[in-house]
Amino acid sequence: LNIASKTITLNDDTKSEIKFINAYTPKPTTVQIEAEKTVNGEAATGSQFHFTLTPKTDGDKNEAQNVTNVNGKIIFADLAYDKAGTYEYEVAEVQENLPNGYTADKTVYTVTVTVNNKETGKLEAVASYKKGEKSVDKLTFANTYKAEGTTAKIEAEKTVNGEAATGSQFHFTL
């Protein structure tokens with residue numbers, strides 16, 4: 001913010017003050033948070049898992065989000081900022097209502113978005129990620145899948161010339 005002031009003397013010896021006030025308002029910015037989803041080490045297929053992004057900073061205008069993965073990708077809607085500051089979020093996988101045989105990743109990531117005003121005309125936002133206290137380059141949720149066991153009952157009937165077989169003269173191998 002620059003303020004310039006100049007006093008001007010008019011012809012009738014009166015003085016008048018003129019002030020020039022320059023105001024700078026940077027354009028807002030956005031950042032998008034993305035993550036990856038794997039099952040048994042491979043990219044998850046389909047869209048059966050749900051994830052949340054929860055704002056943790058007072059005064060943050062962004063709302064909580066709940067999204068579903070699409071073929072191993074988790075993409076949250078853009079987060080928008082109109083003032084400089086530091087904003088924190090938690091990103092986690094929803095633990096309830098998983099398909100049979102799946103175990104969810106219990107990791108809760110902390111996402112910190114730092115918004116700076118470098119007087120370039122637009123705010124600049126940079127996201128960083130932590131898993132616990134350790135910094136990480138990206139968010140990855142790893143599930144496991146193990147097919148549940150089942151049993152089958154197999155029944156058979158032996159006939160000879162259309163009649164039920166009698167005795168134990170026949171043996172069967174399965």
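Residues numbered from 1 in each chain as written. Predicted model: local features only at pLDDT ≥ 70, side-chain atom pairs only at ≥ 80, totals over all residues. Heavy atoms only, no water.

(A) Structural view of the nonpolar core. Grouped together as the largest cluster of nonpolar side chains are 24 residues, with contacts concentrated most on I33, F76, Y81, Y89, V91, V111 and L139. When residues of this core are traced back to their parent elements, those giving at least two are β4 (34-39), β6 (50-55), β9 (79-81), β10 (85-93), β12 (108-116) and β15 (139-145). Per element, the largest residue contribution to this core is 4 residues, and it comes from β12. In this structure, F76 is in contact with Q32, I33, F51, T52, L53, Q65, V67 and V91, ignoring residues within four places of it in sequence. (Core = buried A, V, L, I, M, F, W, Y, C linked by side-chain atoms within 4.5 Å. Buried < 20%, exposed > 50% of the residue type's maximum accessible area, 1.4 Å probe, protein only. Helix = DSSP H or I, 4+ residues; strand = E, 2+ residues; numbered from the N terminus. Contact = heavy atoms within 4.5 Å.)

(B) Local environment of unusual backbone geometry. If you check the backbone angles, N71 has positive phi at about 50 degrees while not being a glycine. For N71, a relative accessible area of 49% corresponds to the partly exposed category.

(C) Local environment of the packing of aromatic side chains. If you walk through the whole model with that rule in mind, you get 5 aromatic pairs. On the basis of an interplanar angle of 45 degrees and a centroid distance of 4.7 Å, the ring pair of Y81 and Y87 is categorised as tilted. The burial state of Y81 is the same as that of Y87; both residues are buried. The structure contains a cluster of three or more aromatic residues connected by ring pairs, namely F49, Y102 and Y145. (Phe/Tyr/Trp six-rings, centres within 6.5 Å; stacked < 30°, edge-to-face > 60°.)

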